[in-house]
Amino acid sequence: MAISFEKAFGLHPDALLIRDKRSQVLAENIANADTPGYKAKDLNFQTALAGAQSRQSGSLGRTDPRHFEISTARHADSQYRIPNQPDTGDGNTVDIHEERNAFTRNSMEYQATLNFLNSRISGLKKALTGGGQ
């Protein structure tokens, strides 16, 4: 019997990739906090995860080795964030406190997902080896 990693891990590998992408976007915001005209961006995690879920439920498969590989994967795109502070005159919309909080929360959620996947892998390893170390 073959192990289906998609069934074993669910959306968690996609969640890690989305969290990683969001970390990059938030780090970009923090790095450009003093750049005149820079517009803060963010990634909507729920929307990106819903896109990943719809891709998983799709049934595009190759029925013949001569068929082309088709990917329905879409890249999670960042969007400009609506600023919650007035323009300071230089056109920059980065609120450094909001960015740091979002980055910290995203990092904790990334770590939680990683811990879940590690426990899943540990469980699979135990199942394959008969419970021994």
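Please refer to the structure placed before this passage.
Keep in mind that what you see is a predicted model, and the values were worked out from it rather than measured.

Asks: How do you make sense of the overall build of the chain when you look at a structure like this?
Replies: A tally of helices and strands in the chain yields four helices and two strands. Element order for the chain, N to C, with α for helix and β for strand: α-α-β-α-β-α. Here the chain holds 133 residues, and the buried ones make up 26% of them. Partitioning the intrachain contacts of the chain with sequence separation of at least 6 by distance along the chain shows that 75% fall at a separation of at least 24. Looking at the chain as shown, the accessible area adds up to about 9600 Å², and 54% of this sits on carbon and sulfur atoms.

Asks: Help me understand the side chain of lysine 41, please; the structure alone is not making it clear to me.
Replies: One can find lysine 41 in strand β1 (residues 41-42). A polar contact of 3.4 Å, which involves the side chain of lysine 41, links it to the side chain of glutamate 28. Setting aside its immediate chain neighbours within four residues, lysine 41 contacts Val25, Leu26, Glu28, Asn29, Ser78, Gln79, Tyr80 and Arg81.

Asks: How should the packing of aromatic side chains be read in this particular structure?
Replies: The relation between two aromatic rings is expressed through the spacing of the ring centres and the mutual angle of the planes. In the structure shown here, the tally under the stated rule is zero aromatic pairs. Its end group placed over the ring of phenylalanine 45, arginine 19 keeps NZ or CZ at 3.5 Å from the ring centre.

Asks: Looking at this structure, how should I read the nonpolar core?
Replies: Generally speaking, nonpolar side chains in soluble globular proteins are found buried as a group. Within the largest apolar cluster, six residues are counted, these being Ala15, Ile18, Leu43, Phe45, Ala48 and Leu49. Of all the secondary-structure elements, those providing two or more residues to this core are α2 (12-31) and α3 (45-57). Setting aside anything within four residues of it in sequence, one finds isoleucine 18 in contact with Leu43, Phe45, Ala48 and Leu49.

Asks: Just to check I follow, could you spell out the pattern of salt bridges for this structure?
Replies: Any two side chains of opposite charge can pair if their charged atoms end up close together. Within this structure, the stated rule accounts for seven salt bridges. The residue glutamate 109 makes a salt bridge to arginine 105 at a minimum N-O spacing of 2.9 Å. Separated by four residues within a single helix, glutamate 109 and arginine 105 lie in helix α4 (residues 96-129), roughly one turn from each other. Members of the salt-bridge network, linked through shared partners, are Arg22, Asp42, Arg81, Glu98 and Glu99.

Asks: Looking at this model, I keep getting lost on the environment of proline 13. Mind explaining?
Replies: Within the secondary structure, proline 13 is located in helix α2. Separated by 101 residues in the primary sequence, proline 13 and leucine 114 have C-alpha atoms spaced 8.7 Å apart.

Asks: I'm lost on the packing of α2 against α4 in this one. Help?
Replies: Packed helices, taken two at a time, are described by the angle their axes make and the gap between the axes. Between α2 and α4, the least distance of the axes is 9 Å, while the angle of their chain directions is 160°. In terms of orientation, α2 and α4 fall into the roughly antiparallel class. The element α2 and its partner α4 pack so that their crossing is left-handed. The segment α2 lies against α4, with His12, Pro13, Ala15, Leu16, Arg19, Asp20, Arg22, Ser23, Leu26, Ala27, Asn29 and Ile30 engaging Ile96, Glu99, Arg100, Ala102, Phe103, Asn106, Glu109, Tyr110, Thr113, Leu114, Phe116 and Leu117. For the contact of α2 with α4, the per-class residue count stands at 13 nonpolar, five polar and six charged.

Conventions we followed
- Residues numbered from 1 in each chain as written.
- Predicted model: local features only at pLDDT ≥ 70, side-chain atom pairs only at ≥ 80, totals over all residues.
- Heavy atoms only, no water.
- Helix = DSSP H or I, 4+ residues; strand = E, 2+ residues; numbered from the N terminus.
- Buried < 20%, exposed > 50% of the residue type's maximum accessible area, 1.4 Å probe, protein only.
- Contact = heavy atoms within 4.5 Å.
- Areas by Shrake-Rupley, 256 points an atom, 1.4 Å probe, with all protein chains shown as cover.
- Polar contact = N/O pair within 3.5 Å; in protein donor to acceptor, adjacent residues only side chain to side chain.
- Phe/Tyr/Trp six-rings, centres within 6.5 Å; stacked < 30°, edge-to-face > 60°.
- Lys NZ or Arg CZ within 6 Å of the ring centre and 35° of its normal.
- Core = buried A, V, L, I, M, F, W, Y, C linked by side-chain atoms within 4.5 Å.
- Salt bridge = Lys/Arg side-chain N within 4 Å of Asp/Glu carboxyl O.
- Axes fitted to C-alpha atoms, helices over the stretch in contact; angles between N-to-C directions.
- Parallel < 35°, antiparallel > 145°, perpendicular 65-115°, else oblique.
- Left-handed = near helix turned anticlockwise from the far one by under 90°.
- Nonpolar A, V, L, I, M, F, W, Y, C, P; charged D, E, K, R; others polar.

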